[in-house]
Each structure stands twice: as C-alpha cells, then as structure tokens.
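In case you want the letters, here they are:
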Amino acid sequence: MNISQSLSLFITSRVTVPSVVTIPRLGSRLWTIKASLATQLPTNSRFQSSIVTIKMERVDTTARLAKLRELMSKHEVDIYVIPSEDSHASEYIAPCDARRAFISGFTGSAGCAVVTHDKAALATDGRYFNQASQQLDDNWTLLKQGLADVPTWQEWAVEQASGGKVVAVDPTLLTSSAAKKLSEKIKKSGGKELAPVEENLVDIVWGDDRPSLPHEPITVLDEKFAGKDAKTKLAELRKELGKKSSLGFVVSMLDEIAWLFNLRGNDIPYNPVFFSYAIVTADQATLYVDSSKLNAEGQSYLEENGVTVRPYTEIFGDASILCQSAETMENGETSETSKTSKTSGTKKFLISNRASWALKRALGGDDMVDEIRSPVGDSKAVKNDTELAGMRACHIRDGAALTAYFAWLEHQLTVKKAKIDEVEAADMLESLRKQQKDFKGLSFPTISSTGANAAVIHYKPERGSCSIIDPNAIYLCDSGAQYLDGTTDTTRTLHFGEPTKTEVEAYTLTLKGNIALDRAIFPKGTTGFALDILARQHLWQNGLDFRHGTGHGVGSYLNVHEGPIGIGTRVQYSEVSLSPGNVISNEPGYYEDGSFGIRIENIIMVKEVETKYKFGDKPYLGFEHVTMVPYCRKLIDSDSLSKAEKEWLNKYNAEIFDKTKGYLEEDKVAMEWLKRETQPF
C-alpha cells in the first residue's frame, strides 16, 4: 500500500472530541482525560483555534488507599512502599505489574509511591512533573525529584518511620542494594525496620480487576540476526564466572535472558522479552519459564544448547535449595573436594546489582551472594558486527518510513487542509513502518504531540480525546520500531507553518548540541557522564537546559532503553565507559511548559577513530550516526551555525538522501520533501 492509498484510511473530514473520555487501562479505569475545548471541529475551522488542551482527570484514590491501609494494619505495617518496577527491575512493565499506577492514578513510567496511615507521597523526575501534577488527586503529595529541598522517596519514608515504625515492601520489587541502604537509614533515624511482605498488598486491593500474567509465545532469533549462537554466549559467560571463582550467576533481567539464549517474546508491550529467570553454573544452564510458551522448535533448540527448562515459579525454591547445597559443600559434609574449596575461600553466587531483595534472600543473603554489574548486560551492550550491520540497515528503512510520514503529514495539513489528530497521525506512521522488511512492532508508544503538548516530555496522546495537529505550531514526534535486525528510536521536531523566533532559536541551540555530541572524539575510558556537557553547552550559554538524560543505550531487537551505558548526569553513567560497539541515543531538547517542546534524537554507535596523535598510547573513539531522517530546515537559523557545523549538516543530508531515496522513488510527495529538506546550506 503506497502513501496515496493509505490516505483514505486515516483522514476524516470531521473530528469529534468528547468533552470527557474515560480510558480503560490495566484492567481498571486508571484515569480519564478531559478535552477543555470544543466538541466538534467543522471542516472550515482555522487550525490556530483547534488545539485541544488535554487535561488528565484525577482518579479518586480514596477507596483504594483506605483498603490498602486496612491491609497495612493487618500486617502491622506503618509505611508501605510501592515501586514502579516489576520483579525483574523492568522499566517498561506488563499491565499486571502496574501497581504504582493503580494505587496512585499516576501513569508515568518512572516513580515510587509511599503510603502511611494518614499520608501518601509520589516521587517522580522532571520528565513527569507536569503529568503527575494533573493525575494525582488531593490524597497525594508530589515529590519533585531533583529540585532543591525536595526529599527523595527514601528520605520521605525514613522521616515517616521515626519513632519505631515499620516500613514494608514486596521484596521482589526492590533491589537488594536499595533495600540494604533503606534499611540502614530507617534504623539510623529511629525507625524499627524494613520488613519484606511477600504477599503484595496492592494486588489484594486490585483484586479481580488486576490483569493476568501475559502468556505470549517465545520464538528463536535466527543467528543471522543475533550474530552469535547461545552456546558461545554461555561459554563466554562461564569464562567470566571462572575468573571470579563463583558458584554461578543468576540472571534476572528479562532482556539479558532474551539476549543470552537468542530468544524473543512479547510479554511486555513494545519489548520482545518474556517472564523468566536463568541460573548458569560451570556445567549447567537452567531457564525458568512457562514451558507452554515454547513450541517444539524452541524446546528442541534449548535442548541442543544444553539448557534445562524449569517452571518460572520455581526460581525462589530452587535458589534456596542451591544455597543449602552450597552451604553443605562448604561445611565439608559431602566430599573431600569441599575441603580444598573451603581452604581457598568461600565461593558465592553472583547476581546483578539490579536483582531483587527476594532473590538474594532466597540464595542465602550476604554470606552466599555477591552483587555485581551484570556481565551479561555488559556483553549485550557491545554489539557484534552482525548486530551493528542490522542497526544500520533497519535505520535506513525506518528513516524512509519517517520521511514518507512527515511529507504526507505536511501535505495533508498545508495543501489539503485536512484535520488530523495526534493519534490518527501516529497510526499512519505505524502503517508505513509495517510496510518495511522485518518489522515486528513499535519499540514504545509513539509520542505524537502538537503545540503545548510537545512540552510534556513523555506525552502520550489518547484516541478520541487528543489534539488536532496545528500546522501553525510545533509538532514533536518521538517514535521507534522493532525489526528483526535492530531497534529504532528517532525524534524529530517540525513546523509546518511559520515558526517564531523563539522556536527557531531554541531548535538551533538544540541542534548545535546534537551535532557537537555526534562530532565528539574522546579517549578510550571516557564515560557518558563526561560527554553530557557537549549536548547542553549551547543551551547553557543562553541560560537554558532540559530535564532528562542526553542518551540511553539501545538494544538490538530488544529494549529501546538499555543499560549500563548512557549519556547524562546520573551517577551510574560515570561508572561505565563507552566502548566500540555501544549503541546509544543522542537527544538534547528544550521545553517551554504550556507553549512548545523541542527534541532532536539520533541513534549513534561508538567506533574507534584515527587521530593524528595518540597521547598515552590510547585508542580514540567517536560516533557513527545511523538515523537517516532530515532535520526541519525552517527551524534552523543557519547564520548561527559555524562553518564546521554547516559542513557536517550538509554531509549528513547528502547521506540521508543517498541512502533513503531508493525507498521513496514512487512517492512523489515524499521525494520532493526529501529533496527540499536535504538541500545544502
């Protein structure tokens, strides 16, 4: 289906916007969205008056909190912590794990709720201040993390615990290290303890409305996409475990398990992962998963790779048995060989520093477990040649789809005077991506935002109640897709009319930061923490900034957000240096609440580069960009660009044109748009 054929499926002459729309999510009505303007927009209305300001209605959480507090009293708990994550510390979660969203009404992806018998607080970061302030009802206090004199959720919980009170949490939802730190702070402040309550209290409140655990099929990822077989990956992991003289490694992160075994699933929306754990020792590999998700091919594949399958629910019981067995060996009760082991030092199990408190407790706690940065995560972050080639290829196809989309959208808005809302536009983009080879789905919900909505960093338009796209306002589109050969994530900010001087200035300063990071050359050992200033420098020089990271790691047909690398001011980004093969985003931005938002995002890959000198005999690194979508010409103040920036931009535009034109030759509108937007400055 070409662009013109797709058109009729997505354009309507009249757009009805209900005054109040209830959006069902997660098995229960978590929020409603209210359109504060107009009900029906006539076909001849002017766009400058057709922006619908979306306000997210506050859910009344009074009854939910009352029920939770009853359960807290029953379990002798004074303060109850509800994290955002699931049992695998996942950023994106399945609907059944959205406990924090259910209890608070706040649906952003990051945050933590803390409930006492007479108070409730929700902590989140700068990406969600706007959203949380709208969604939280009067039962809640919003803790804006990162602002001066605002306590973290941990500090707030500790303060409430003074006087011998008990803080409790589901131990599967908090990392072991976080639990240890929190426990120490509670006791130091006069609180009694941090108690693990294995029965999740929010699940009880949620009751029958809570969605069931997903049961999606698991598939084998062909080696032509993975680039390395599972046996090799397991052998490399065992080599690392041997260096650390460990008893074995328990893998708890879902994307790490999918990567290690070359398997993919669909248990979490937009993330091709499946609920599982794995234990890898010197001579065994056990995958804990619902075996009914595996077809005959998958089961045979695992057998061929020496992997035993056990039920997902058995992980904690088996972990306890492993612990007891290891302790028996250590005490010399089974064989003479254990005496040698004992004299050479106690061997321990290894878990990731993202593993849950419950998992560490099952394995025997500090005496039997060491926490480390996951060797699987480190290996996964360094893409092999096949994965890098796949990233290049899928970004060209994806770039062509985005170019076709932006050309189509501009033509509809400015030439045909069509009225298209944010969701209809996102639907069109998805339909164009579906036409691309090896497409498997989106990598996250598309952020299709017009005008003031673009200032909400993680804005998500809702069908039936979102804004009509205004050609006389900023339009920000942050979107991505999953392909068998890679994962994409691209943000472009456009204007289909005449932008203001302020918008042009903000866009150009953001673009200069994007270019500066792309052009960076740095010695091996440099971290993303050190590079962050390059993307912010031009904004800072004008007293501007943005409240989100500059870059995140990207998986290969895996999670669009991938650790341990990143570019930003988070402490963890100072702990891991960038390495050749890392794939990362470059996405500075600027946001004016209530007015507009700008973000420019490319995917870049770390590579070794040649330099005139090599001080300290160190290799020097740089970036290769793979995103192939033009920037918005009319938002660029070319007079503010240096000669080097213009040369870089012209070279990039020529590359985009050459690599994507073959996909667009039959689409006259898209080709004309591509030619115009990639003309040299």
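Before reading further, recall that the structure is shown in the block above.
These figures come from a predicted structure and were not determined experimentally.

Colleague: Before we move on, could you go through the packing of aromatic side chains and cite the residues and values that matter?
Modeller: Inspection of the entire model under this criterion finds 15 aromatic pairs. Ring centres 5.3 Å apart and planes at 45 degrees place the aromatic pair Phe522 and Phe623 in the tilted group. Taken together, the residues span a long stretch of sequence, with Phe522 in strand S26 (residues 522–523) and Phe623 in strand S33 (residues 620–625) at a distance of 101 residues. Centroid distance Tyr631 to Tyr652: 5.6 Å. Interplanar angle 50 degrees. Geometry classified as tilted. Here Tyr631 is found in the loop between S33 and helix H20 (643–660), whereas its partner Tyr652 is found in helix H20, with 21 residues between them in sequence. The class for Tyr631 is buried, based on a relative accessible area of 2%. What links up through ring pairs into an aromatic cluster is the set Phe275, Tyr277, Tyr312 and Phe316. Lying across the ring of Trp259, Lys233 places its NZ or CZ 4.0 Å from the centre. The aromatic ring of Tyr483 is capped on one face by Arg397, whose charged end is 5.1 Å from the ring centroid.

Colleague: Give me the lowdown on unusual backbone geometry, citing residues and values where you can.
Modeller: Cis peptide bonds are those with omega within 30 degrees of zero, and the linkage from Gly563 to Pro564 qualifies with 0 degrees. Along the chain, Pro564 falls in strand S28 (residues 562–567). Even without being a glycine, Lys417 presents a positive backbone phi close to 55 degrees. Structurally, Lys417 can be placed in the loop between helix H16 (385–415) and helix H17 (422–434).

Colleague: Account for the packing of helix H5 (residues 153–161) against helix H6 (residues 176–188), naming residues and giving values.
Modeller: Remark: H5 packs on H6, axes separated minimally by 9 Å, with the N-to-C direction vectors making an angle of 35 degrees. Both H5 and H6 take part in a crossing whose hand is right-handed. Seen from H5, the contacting residues are Trp153, Gln154, Val158 and Ala161; seen from H6, they are Leu182, Lys185 and Ile186. Across the contact of H5 with H6, the residue classes break down as five nonpolar, one polar and one charged.

Reading the values: the criteria
- Residues numbered from 1 in each chain as written.
- Predicted model: local features only at pLDDT ≥ 70, side-chain atom pairs only at ≥ 80, totals over all residues.
- Heavy atoms only, no water.
- Phe/Tyr/Trp six-rings, centres within 6.5 Å; stacked < 30°, edge-to-face > 60°.
- Helix = DSSP H or I, 4+ residues; strand = E, 2+ residues; numbered from the N terminus.
- Buried < 20%, exposed > 50% of the residue type's maximum accessible area, 1.4 Å probe, protein only.
- Lys NZ or Arg CZ within 6 Å of the ring centre and 35° of its normal.
- Axes fitted to C-alpha atoms, helices over the stretch in contact; angles between N-to-C directions.
- Left-handed = near helix turned anticlockwise from the far one by under 90°.
- Contact = heavy atoms within 4.5 Å.
- Nonpolar A, V, L, I, M, F, W, Y, C, P; charged D, E, K, R; others polar.

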